[in-house]
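Take a look at the letters that make up each chain.
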Amino acid sequence: MDGSHRVLPVTIHLLANPGDSAVFRQAMKRILQGLCLDTELFLVSERAAPIQFYEYRKRRFEFPGISVILFLREDLGEERISLLQSFFQLPPWNHVNTGFGQGPSPSCQTSDDFYCLDVHMPVWGIRQVHYGAEILRVTLYCDFDNYEDSVRLYEMILGMEATSQKIGFCFFDLHSTKHTSIQFSLKQLPPGVCAQVKHACALQFIIQAIGQLVPLLPYPCVPISDMRWQTQDYDGNKILLLVMNSV
């Protein structure tokens, strides 16, 4: 890294409980340093008070609504992968049992090895791949009936078409180099499985103008500062829209 950061169209905002932000930043830095990306994808700040337990109402048959997966090449060093996996065994990381064995559906290749910094934040994991670029992929898991609408919503916000690799899964390539790629993806959950909203997480998107976008959003969009607006998607994920006019 040269000290400069590439600006991405998406930033993941995490709200830590008082006193936890510094240790959370360090924990993520240890995991992410293996990819050596010149980007600032995650921002951690602190909330005024912890989320109360009663605010989290677990429904039956839920799957974590947001994941961060690092797809790492085996041939570039299994020692590196083992080291990064070992970091998940240390505090403040906690193992997450999704309750779905090999993922939310038989066709999902994601194993059950997920970890989180906080139950209200995204789950994290590492997967080994045999070829291609290494990938950091942020995935939103959508309720079955919301998937198609969600794809259109994020295509509109990002101003780009999603790349569909198979039914029920698509991604947006946010930044790529010869060796690494950052992706924002959507995955459809099977019928009867709900996406578990992560309340200490918000997705911030950079947009050029707000006026024409607001009437097309599925939920009310309200200003929270001179440049930032807040709304939500079909599954209840918090969306921040940062208006940055091009010069």
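Scroll up to find the structure.
In short, a report on the structure. Small disclaimer: the values here were computed from a predicted structure and weren't measured. All residue numbers refer to position in the chain's written sequence, counted from 1. Confidence filtering applies because this is a predicted model: local features only for residues at pLDDT of at least 70, side-chain atom pairs given and counted only at 80 or more, and all residues used for totals across whole chains, interfaces and linings. To get the side-chain values, all heavy atoms of the structure are used, and hydrogens and water are removed first.

**Let's talk about the sheet that holds strand 16 (residues 238-243)**
To keep things clear, this is the line we draw: Think of it this way: DSSP has to see at least two bridges between two strands before they count as a pair. Working definition: helices are DSSP H or I runs of at least four residues, strands are E runs of at least two. Numbering for both runs from the N terminus. Pairs of residues are marked as contacts when any of their non-hydrogen atoms sit within 4.5 Å. Interaxial angles span 0 to 180 degrees and are taken between N-to-C directions of axes, which are lines fitted to C-alpha atoms, for helices over the stretch in contact.
One open sheet accounts for six strands, arranged 2-1-13-16-15-14; its pairing is mixed. Looking at strand neighbours, the two that pair on one side only are strand 2 (42-46) and strand 14 (222-223), the edges of this open sheet. Looking at chain direction, strand 14 and strand 15 (residues 228-232) are connected through two bridges and run antiparallel. Across the sheet, Val222 pairs through a bridge with Gln230, a residue of strand 15. In the packing of helix 1 (residues 21-32) onto the sheet, contacts are made with strand 1 (10-16) and strand 2, and the angle to strand 2 comes to roughly 165 degrees. Packed onto the sheet, helix 3 (residues 147-158) meets strand 1, strand 13 (201-207) and strand 16 and runs at close to 45 degrees relative to strand 13.

**Considerations on the side chain of Thr231**
For the record, the criterion: Nitrogen and oxygen atoms within 3.5 Å of one another constitute a polar contact, given that in protein one can donate a hydrogen and the other can accept it, and given that sequence-neighbouring residues count only through two side-chain atoms.
The residue Thr231 is located in strand 15 in this model. In this structure the side chain of Thr231 is engaged in a polar contact, spanning 3.0 Å, whose partner is the backbone oxygen of Pro220. Apart from the residues within four sequence positions on either side, Thr231 is in contact with Leu217, Tyr219, Pro220, Cys221, Asn237, Lys238 and Ile239.

**Regarding the pattern of salt bridges**
For side chains of opposite charge, pairing can occur when their charged atoms come near one another. For the record, the criterion: Within this document, salt bridges are pairs made up of a side-chain nitrogen of Lys or Arg and a carboxyl oxygen of Asp or Glu, the two lying within 4 Å of each other. Buried, partly exposed and exposed residues are distinguished by accessible area as a fraction of the type maximum, computed with a 1.4 Å probe on protein chains only: under 20%, between the cut-offs, and over 50%, respectively.
Tallied over the full model, the rule gives three salt bridges. Notably, a salt bridge pairs Arg80 with Glu134, separated by 2.4 Å at the nearest N-O pair. Of this pair, Arg80 sits in helix 2 (residues 78-87) while Glu134 is found in strand 8 (residues 134-142), placing the two residues 54 residues apart along the sequence. Since its relative accessible area comes to 21%, Arg80 is described here as partly exposed. Between Asp149 and Arg152 there is a salt bridge; the shortest N-O distance is 2.4 Å. On the criterion of helical spacing, the pair formed by Asp149 and Arg152 is a turn pair, its members being three residues apart in helix 3. According to the relative accessible area criterion, Asp149 is partly exposed, its value standing at 27%.

**As for the nonpolar core**
The following threshold applies: The definition of a nonpolar core used throughout is a set of buried Ala, Val, Leu, Ile, Met, Phe, Trp, Tyr and Cys residues joined through side-chain atoms within 4.5 Å.
Counting residues in hydrophobic clusters, the biggest one holds 56 residues, and the most contacted among them are Tyr154, Phe184, Phe205 and Leu241. Looking at this core, the element that brings in the most residues is helix 3, giving six residues. Ignoring sequence-local partners within four residues, the contact set of Phe205 consists of Pro9, Val10, Tyr154, Ile157, Leu158, Phe184, Ile239, Leu240, Leu241 and Leu242. Counting 13 residues, the second largest nonpolar core, distinct from the first, contains Phe71, Cys116, Val129 and Ile135.

**What about the sheet that holds strand 5 (residues 94-96)?**
Taken in spatial order, the eight strands line up as 5-6-7-4-8-11-10-9 in an open sheet, and their pairing is mixed. Because the sheet does not close on itself, it has two edges, and the strands there are strand 5 and strand 9 (163-166). Across the sheet, the axes of successive neighbouring strands diverge by a mean angle of 30 degrees, strand direction being ignored. When strand 9 meets strand 10 (residues 169-176), the two strands line up antiparallel, connected through three bridges. The partner of Lys166 across the bridge, within strand 10, is Phe169. Lying on the sheet, helix 1 is in contact with strand 4 (66-73), strand 7 (123-129) and strand 8; it crosses strand 7 at an angle near 10 degrees. Most of the contacts of helix 3 go to strand 11 (residues 180-188), to which it runs at about 145 degrees, and overall it touches strand 8, strand 10 and strand 11.

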